[in-house]
Amino acid sequence: MAKKLSGVRGMNDLLPAEAPLWEWFEARVADWLRSYGYQQIRTPIVEYTELFVKGIGEVTDIVEKEMYSFEDKLNGEHLTLRPEFTAGVIRAVIEHNLTYDAPRRVWSMGPVFRHERPQRGRYRQFHQVNVEALGFAGPDIDAELIVMLARLWKILGIERVRLELNCLGQADERARHRADLIEYLRRYEAQLDDDAKRRLHTNPLRILDTKNPALTEIVAGAPRITDYLGTASRAHFEGLQALLGSAGIAFSVNPRMVRGLDYYNLTVFEWITDALGAQGTLCGGGRYDPLIERMGGRPTPGIGFGMGIERVIELLREAGRVPSAPVCDVYVLHQGGATQPVALRAAELLRDAGLDVILHAGEGGLKSQMRKADASGAEFALIVGAAEAAQQAAAVKALRARGAEAPFATQAVLPLAQIGEALVTALERISE
Ligand code: HAM
């Protein structure tokens, strides 16, 4: 027997039963982003590997061990499936000179790939809503992004979520903090785990957000980046906190939050829920002012965030938000032979009138088709029998019990040309 085919581990199918919730979410997100002046940008899923190494940073988990990188056998190019959006979006912004005359607010949505150990809320292909605001230097845009996210949670009906903030300062402030941090951690070197030992001299900041409980105490006593901030960085962070305060947004400052990508400076933030177990970060982001210049563009400040759609969807599902599956308006039945082209024409006429229509395909008697019509959730059945077809007409019958006075509670034969309008009117009456 042939080996059973299966999808790739950690990469999920989105089945029709789950699609309505994703569609509902995506539609809310697109409206929400439009209401803040964001424009969509779509970049390729595959980029040159070098882009992510440069953009995200060589000594990060993502670049060290999570990227799906491969050589294109056809031309020897080194390519990678995007492990995040920011690097690709910035590449496109620079390549097309999108910030030449004014700042830009852009968003994207789509699949992202990281070779992590799959578990609840953590997948190898997952999806993000990604937002970037480019060309804005002040804390007002930092606040706007956060206020905007608070509004999204409200739109989606998500309540169990909290906001954590930190300020990573500028390069010179981080360098002084880093030196002290290394000196401090060195004192505990013997107690560090392998990961922390390895990072001690490459990326010591990442040790601060270790998940190893044995290191909690050591990390708690470590020098805090917030104590190394100069006047300008402090003013930026305080400016943001003041704006959030006046907008009524609760937050806590977490001086150990460092984020897993290397491009950040100043503000970083995460929205976290306790409702999903270990993978509770719904959304993370921050400022990356030096990145655009580092990637070859004109110096342009930037800030953005990525949201894990699977995690938000799971939260919505837990909250019982399951939109009903979209049902069609009309199911068209026929008897094959000469009735088939008439049924096809009838279905197209109904769609011209703006109705959603399923046209029966394949064999099957009227009785079994009627069962399918019922199961489809359609409001009306349109029956094209031989007698009706000969007169370019069809019979209409309501499928849902709505009382004897309801439109088409008893079957009626109408000319094809009139049915669209009649059913649109009938649907309006039903929804009143
Ligand atoms: P990130 O924190 O790596 O940031 O990812 C953003 C979000 O993606 C996370 O908060 C989480 O919800 C979701 N996520 C990450 N990994 C997985 C996974 N394996 N399975 C499911 N969901 C996951 C970034 O990607 C930055 N590019 C965000 C950003 C944009 N910063 C500035 N601009």
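Parameters at a glance
Residues numbered from 1 in each chain as written. Predicted model: local features only at pLDDT ≥ 70, side-chain atom pairs only at ≥ 80, totals over all residues. Heavy atoms only, no water. Helix = DSSP H or I, 4+ residues; strand = E, 2+ residues; numbered from the N terminus. Buried < 20%, exposed > 50% of the residue type's maximum accessible area, 1.4 Å probe, protein only. Contact = heavy atoms within 4.5 Å. Areas by Shrake-Rupley, 256 points an atom, 1.4 Å probe, with all protein chains shown as cover. Lys, Arg positive; Asp, Glu negative; His and termini not counted. Charge placed at Lys NZ, Arg CZ, Asp CG, Glu CD. Salt bridge = Lys/Arg side-chain N within 4 Å of Asp/Glu carboxyl O. Pairing = 2+ DSSP bridges. Axes fitted to C-alpha atoms, helices over the stretch in contact; angles between N-to-C directions. Polar contact = N/O pair within 3.5 Å; in protein donor to acceptor, adjacent residues only side chain to side chain. Near = heavy atom within 4 Å. Nonpolar A, V, L, I, M, F, W, Y, C, P; charged D, E, K, R; others polar. Left-handed = near helix turned anticlockwise from the far one by under 90°. Domains from an automatic or database assignment. Core = buried A, V, L, I, M, F, W, Y, C linked by side-chain atoms within 4.5 Å.

### Observations regarding the overall build of the protein chain
Point 1. Looking only at helices and strands, the protein chain has 15 helices and 16 strands in total.
Point 2. Expressed as a percentage of the 432 residues in the protein chain, the buried residues total 49%.
Point 3. When contacts within the protein chain are restricted to residue pairs at least 6 apart in sequence, long-range pairs at least 24 apart make up 71% of them.
Point 4. If you sum the accessible surface of the protein chain, you get close to 21,600 Å²; carbon and sulfur atoms cover 52% of it.
Point 5. Mean positive and mean negative side-chain charge positions of the protein chain (51 and 56 charges, respectively) differ by 3 Å.

### Re the pattern of salt bridges
Point 1. Applying the stated criterion to the full structure yields 22 salt bridges.
Point 2. Residue R120 is joined to E314 by a salt bridge in which the shortest nitrogen-to-oxygen separation is 2.8 Å. With R120 in the loop between β5 (104-113) and β6 (125-134) and E314 in helix α11 (residues 309-318), the pair connects residues that are 194 residues apart, well separated along the chain.
Point 3. A residue is classified by how much of its surface remains accessible, and E314, at 15% relative accessible area, is buried.
Point 4. A salt bridge links R400 to D374, with the shortest nitrogen-to-oxygen separation between them at 3.8 Å.

### Focus: the environment of R298
Point 1. Of note, R298 is situated in the loop between α10 (291-294) and β11 (302-308).
Point 2. Through-space distance from the C-alpha of R298 to that of T99 is 9.1 Å; in sequence the pair is 199 residues apart.
Point 3. When sequence neighbours within four positions are dropped, the list of residues in contact with R298 reads N97, T99, Y100, I292 and E293.

### Observations regarding the sheet that holds strand β8 (residues 252-253)
Point 1. Spatially, eight strands are ordered β1-β5-β6-β11-β10-β9-β7-β8 in an open sheet, and the strand pairing comes out mixed. Whereas interior strands pair on both sides, the edge strands pair on one side only; in this sheet they are β1 (39-40) and β8.
Point 2. In terms of strand pairing, β1 meets β5 through two bridges, oriented parallel. Looking across to β5, one finds that Q40 is bridged to W107.
Point 3. Strands in contact with helix α1 (residues 19-34) are β5, β6 and β11; relative to β6, the strand with the most contacts, it is inclined by about 5 degrees.

### Some remarks on the side chain of D142
Point 1. Inspection of the secondary structure assignment puts D142 in helix α5 (residues 139-156).
Point 2. The class of D142 is buried, set by a relative accessible area of 0%.
Point 3. In terms of polar contacts, D142 uses its side chain to reach the side chain of H236, at 2.8 Å.

### Overview of the site of the ligand
Point 1. If you check the shell around the ligand, you find 27 residues, and the closest are E84, R114, E116, Y264 and T281.
Point 2. Within the side chain of R114, one N or O atom sits 2.9 Å away from an oxygen atom of the ligand.
Point 3. Within the side chain of E116, an N or O atom sits 2.7 Å from a nitrogen atom of the ligand.
Point 4. In isolation the ligand exposes 660 Å². Once the protein is present, 95% of that is buried.
Point 5. Put simply, the parts of the chain that give the shell around the ligand at least two residues each are β6, β10 (281-287) and β11.
Point 6. In terms of residue count, β10 provides more of the shell around the ligand than any other element does, six residues in total.
Point 7. Here the shell around the ligand is composed, by residue class, of nine nonpolar, 11 polar and seven charged.

### So, the sheet that holds strand β2 (residues 46-48)
Point 1. Here three strands make up an open sheet; going across it, the order is β2-β4-β3 and the pairing antiparallel. Of all the strands in the sheet, just β2 and β3 (69-71) have a single pairing partner and so form its edges. Direction aside, neighbouring strands of the sheet carry axes that sit 35 degrees apart on average.
Point 2. Bridge count for β2 against strand β4 (residues 78-81) is three bridges, and the pairing is antiparallel. Paired with Y48 across the bridge in β4 is L79.
Point 3. This element, helix α2 (residues 49-56), spans β2, β3 and β4 of the sheet and lies at about 75 degrees to β2.

### Regarding the packing of α1 against α5
When two helices pack together, you describe them by how their axes are tilted relative to each other and by the distance separating the axes.
Point 1. The interhelical angle for the contact between α1 and α5, taken along N-to-C directions, is 145 degrees, at an axis separation of 11 Å. As for how α1 packs across α5, the hand of that crossing is right-handed. In this structure, α1 uses W24, F25, R28, V29, W32 and L33 to contact α5, whose residues at the interface are M148, L149, R151, L152, I155 and L156.
Point 2. By residue class, the composition of the contact of α1 with α5 is 10 nonpolar, no polar and two charged.

### Observations regarding the packing of helix α12 (residues 339-352) against helix α15 (residues 416-431)
Point 1. Running from N to C, α12 and α15 cross one another at 40 degrees; their axes reach a closest spacing of 9 Å. α12 and α15 meet at a crossing whose hand is right-handed. In contact with V342, R345, A346, L349 and L350 of α12, α15 contributes L416, I419, G420 and L423.
Point 2. For the contact of α12 with α15, the residue count by class is seven nonpolar, one polar and one charged.

### Re the domain arrangement of the protein chain
Point 1. When cut into domains, the protein chain gives domain 1 (19-169 + 229-318) and domain 2 (330-427).
Point 2. Between the C-alpha centres of domain 1 and domain 2 there is a distance of 49 Å.

### Comments concerning the environment of Y68
Point 1. Counting through the fold element by element, Y68 comes out in the loop between α3 (61-66) and β3.
Point 2. Residues Y68 and L276, spaced 208 residues apart in sequence, show a C-alpha to C-alpha distance of 26 Å.
Point 3. One polar contact links Y68 to H115, side chain to side chain, over a distance of 3.3 Å.

### Things to note about the nonpolar core
A general feature of soluble globular proteins is that nonpolar side chains tend to end up buried together.
Point 1. Counting residues in hydrophobic clusters, the biggest one holds 78 residues, and the most contacted among them are F25, W32, W153, W271 and M307.
Point 2. Judged by nonpolar contacts, the second largest core, of 23 residues, contains A346, F408, I419 and L423.

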